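Listed below, chain by chain, are the residues.
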Amino acid sequence: MRNSISLRSFISASWLGWKIESNWTDPFLFATYSIIKPLASAGILVIMYSIVTDQNFNNPMFAYLYLGNAFYQYVPAVLSGISWTIIDDREHYRTLKYIYIAPVNIPLYLFGRGVAKFLTGSFAVIITLLAGFLFLKVPFDFQQVNWLLFVVSLILGILMLALLGLLLAGITLITARHSYYIGDVVASGLFLFTGAIFPLEVLPVWIRPIGYALPITYWLELLRRSLVGNIAKTFPTFTSMSNLDLILVLLLTSLIAGLIAIFLFNKCNHSARERGLIDVATNY
Amino acid sequence: MALVEPISKKRSGLKLFIMTVFGRSYPRLVGMQRERSWIFFDIFVPLLSVSAYVFVYRAIGAPEDYVGFVVVGGAMTAFWMNILWNMSSQLYWEKEQGNLALYIISPASMMAILLGMALGGLFATLLRAIAIMIFGSLIFNVSYYVVSFWQLIAIFSLSMIALYGLGMMSASIFLLLSREAWHISNLATEPVYLLSGMYFPVKNLGFWGSAFGSLIPLTLGLDAIRQLIFKSGPSLGFLSVKIEIISLIILSIIYLIAAKFLLAHIEKLAMREGRLTENRR
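Residues numbered from 1 in each chain as written. Chains lettered and ligands numbered in written order. Predicted model: local features only at pLDDT ≥ 70, side-chain atom pairs only at ≥ 80, totals over all residues. Heavy atoms only, no water.

All right, on to the overall build of chain B then. Tallying secondary structure elements over chain B gives 13 helices and zero strands in all. Starting at the N terminus, the α and β elements of chain B follow one another as α-α-α-α-α-α-α-α-α-α-α-α-α. Over its C-alpha atoms chain B spans a radius of gyration of 20 Å, differing by no more than 12% from the 19 Å that the globule rule assigns to 281 residues. By its C-alpha atoms, chain B is 70 × 40 × 40 Å across when sized along the principal axes. Split into buried and exposed, the 281 residues of chain B put 58% on the buried side. Residue pairs in contact within chain B that sit at least 24 positions apart in sequence constitute 81% of those at least 6 positions apart. Taken as a whole, chain B presents about 12,600 Å² of accessible surface, with 71% of it coming from carbon and sulfur. (Helix = DSSP H or I, 4+ residues; strand = E, 2+ residues; numbered from the N terminus. Rg over C-alpha atoms; globule rule 2.2 N^0.38 Å. Buried < 20%, exposed > 50% of the residue type's maximum accessible area, 1.4 Å probe, protein only. Contact = heavy atoms within 4.5 Å. Areas by Shrake-Rupley, 256 points an atom, 1.4 Å probe, with all protein chains shown as cover.)

Pasting the structure below:
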């Protein structure tokens, strides 16, 4: 097993990714950096909510919004972690062509490089959740939590996000370096459709099907149900579906998204090789 | 035979400044023509992101003017992003790819190079801001109530001057930085959205919070614009529009002068410490 190219690609890339992600500064600054951004992001929503509702944090809507936003931080983290590796290796370190000619499984290498961002993303999620539980009355009862459902949903969701990250990595292979993280941009766009910070019923009827087609929507609902089941059930979107139903739909939509991601990555990968884009530098 | 045509006319002063601005903005404009994917990622997707915040307000039953606040705030984020990613942190990439040293060697002004970067990215920025304003207003039925058109133009222009002054000032710091530059830019996104009241009236941060946020010109600009175009704007404003105009004039002067001095000073410092060509992987 240790000699497997796939496993070695993943483990080495994870270690490399962590070193790159964390060694630019001292641990204190790194921790501060990891805390400020997610808290500011949550702060925007908290202030928006508190202005309109006169700080009615006991309303189920607040818990819905807060938890959805907290876990949604995994989306940009994983999408960017995997897709940005292409830009980082191609244009910053200029090592992508060497990776391609080494005995490396490219998709697993990309997944490995995304692990560091997943870890820092987890840190951000935990900090945001703690701030909510401790200071903003977000309900949390350790004994009421459905831990099995939580762990299963979290793992399935991260795998699904990694596959979506692969799709973006494919697109990144054939596009120029833009000034922003493509993963962050796409994640901010999907924010609208996934019911992360408001129930899907708020959206116009014609937009809702996009939300229902996205696995992220079911994943967030499962996480909410596992942590604060009573609150999640006060919103009508998925009341007709049991936890098992949601897991099955999550699996099915993730499978479809995964197949599309693998197909598109292979197509873009072939196109990038054909057009000589593996070592292109696009500094404009 | 000479490989390079001899320079027949030597440029200096304002002509050199303008040529530099044009020279640095040109590749960006050409790059955008060659690579069209930015239209999707830079214009269409941010519109979705802004819409998400609109629906939050709808979900919690906020007054309709708040929807307009989000649309205007979302449009203004484009300018902050242009400064942050197309100007300041671009110096990091220029350093990594070896262009920064060439800029310093050339007789061109660093301010002109930064301005060129900003102007080069301004086409996409304006398009993004206009798209968010137009589509956001149409989709969400935002109604405007413009009090003074001239004050509105003055506020917007002053905000941009102060904002780009601040951008140049902060870009000077990027001359010294290496990989941390990328992280600092990343860090200056959501916290700045929060401090400048991008999606809510900044007054809600309290006096001192709003005052601190006002160091970012976007805060005062956005607050004044909201006061001038929404009915409920004046009641939700932080300071009066006149005071905000005066504050923006002061900030513009301070930031532009500080940018010039800081760029010159930090350039020297970076030379002395050998940071201009360093490549800390």
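So, about empty space enclosed by the protein. Taken as a whole and judged by the stated rule, the model has seven cavities of 30 Å³ or more. Considering only enclosed or pocket space, the largest cavity measures out at about 980 Å³ in volume. Surrounding the largest cavity, 40 residues form its lining, Lys 37, Pro 76 and Asp 184 of chain A together with Asn 186 and Glu 190 of chain B being those nearest its centre. Of all the elements in the fold, those that place two or more residues in the lining of the largest cavity are α2 (27–53), α3 (60–72), α4 (74–92), α6 (106–135) and α8 (182–190) of chain A together with α2 (37–59), α3 (64–88) and α9 (190–195) of chain B. (1 Å grid on protein atoms, 1.4 Å probe; cavity = no way out; pocket = protein on both sides within 12 Å on 5 of 7 lines; lining within 4 Å. Points joined across faces, edges and corners; volume = space filled by probe spheres on them.)

One pass over the structure, following the stated rule, counts nine salt bridges over all chains. Close ionic contact of Lys 37 of chain A with Glu 190 of chain B constitutes a salt bridge, the shortest N to O distance being 2.7 Å. Here the residue Lys 37 of chain A occupies a position in helix α2, and Glu 190 of chain B occupies one in helix α9, the pair thus bridging two chains. Owing to a relative accessible area of 17%, Lys 37 of chain A belongs among the buried residues under this scheme. (Salt bridge = Lys/Arg side-chain N within 4 Å of Asp/Glu carboxyl O.)

Taken together, the contact pairs 51 residues of chain B with 53 residues of chain A. Interface area, chain B with chain A, both sides summed: about 4,700 Å², of which 70% is carbon and sulfur. Our enumeration of links across chain B and chain A arrives at one salt bridge. Counting every contact that joins chain B to chain A gives one residue pair in polar contact (both at pLDDT 80 or more). Residue assignment for the side of chain B that touches chain A shows that the elements contributing at least two residues are α1 (13–34), α2, α3, α4 (90–96), α8 (180–187) and α9 of chain B. Of all the elements, α2 of chain B adds the most residues to the side of chain B that touches chain A, at 15 residues. Its residues assigned to classes, the side of chain B that touches chain A comprises 27 nonpolar, 13 polar and 11 charged. (Buried area = accessible area lost by both parts, 1.4 Å probe. Polar contact = N/O pair within 3.5 Å; in protein donor to acceptor, adjacent residues only side chain to side chain. Nonpolar A, V, L, I, M, F, W, Y, C, P; charged D, E, K, R; others polar.)

It is worth spelling out the nonpolar core at this point. One recurring pattern in soluble globular proteins: nonpolar side chains tend to sit buried together. Among the nonpolar cores identified, the biggest contains 190 residues, and Leu 161, Ile 216 and Trp 219 of chain A together with Trp 80 of chain B are the most heavily contacted of them. Sorting elements by how many residues they give to this core places α3 of chain B first, with 16 residues. In this structure Ile 216 of chain A touches Tyr 72, Val 75, Met 160, Leu 161, Leu 164, Leu 190 and Thr 194 of chain A, once residues within four positions along its chain are discounted. (Core = buried A, V, L, I, M, F, W, Y, C linked by side-chain atoms within 4.5 Å.)

Next up on the list: the environment of Phe 212 of chain B. Residue and element names in this part refer to chain B. Among the secondary structure elements, Phe 212 is positioned in helix α10 (residues 206–213). Residue classification places Phe 212 among the exposed residues on the basis of a relative accessible area of 52%. C-alpha of Phe 212 to C-alpha of Leu 176: the two residues are 36 residues apart in sequence and 26 Å apart in space.

Moving on, we come to the confidence of the model for chain B. Low-confidence regions, as indicated by low pLDDT, have predicted coordinates that should not be scrutinised in detail. When pLDDT is averaged across chain B, the result is 85; 95% of the residues are at 70 or more. The least confident element of chain B is α8 of chain B, whose mean pLDDT is 75; the most confident is helix α11 (residues 217–229) of chain B, at 94. (pLDDT = per-residue confidence, 0-100.)

Here we take up the environment of Ala 162 of chain A. On the secondary structure map, Ala 162 of chain A appears in helix α7 (residues 147–173). Not counting the four nearest positions on each side in its chain, Ala 162 of chain A is found in contact with Val 78, Ile 82 and Phe 111 of chain A.

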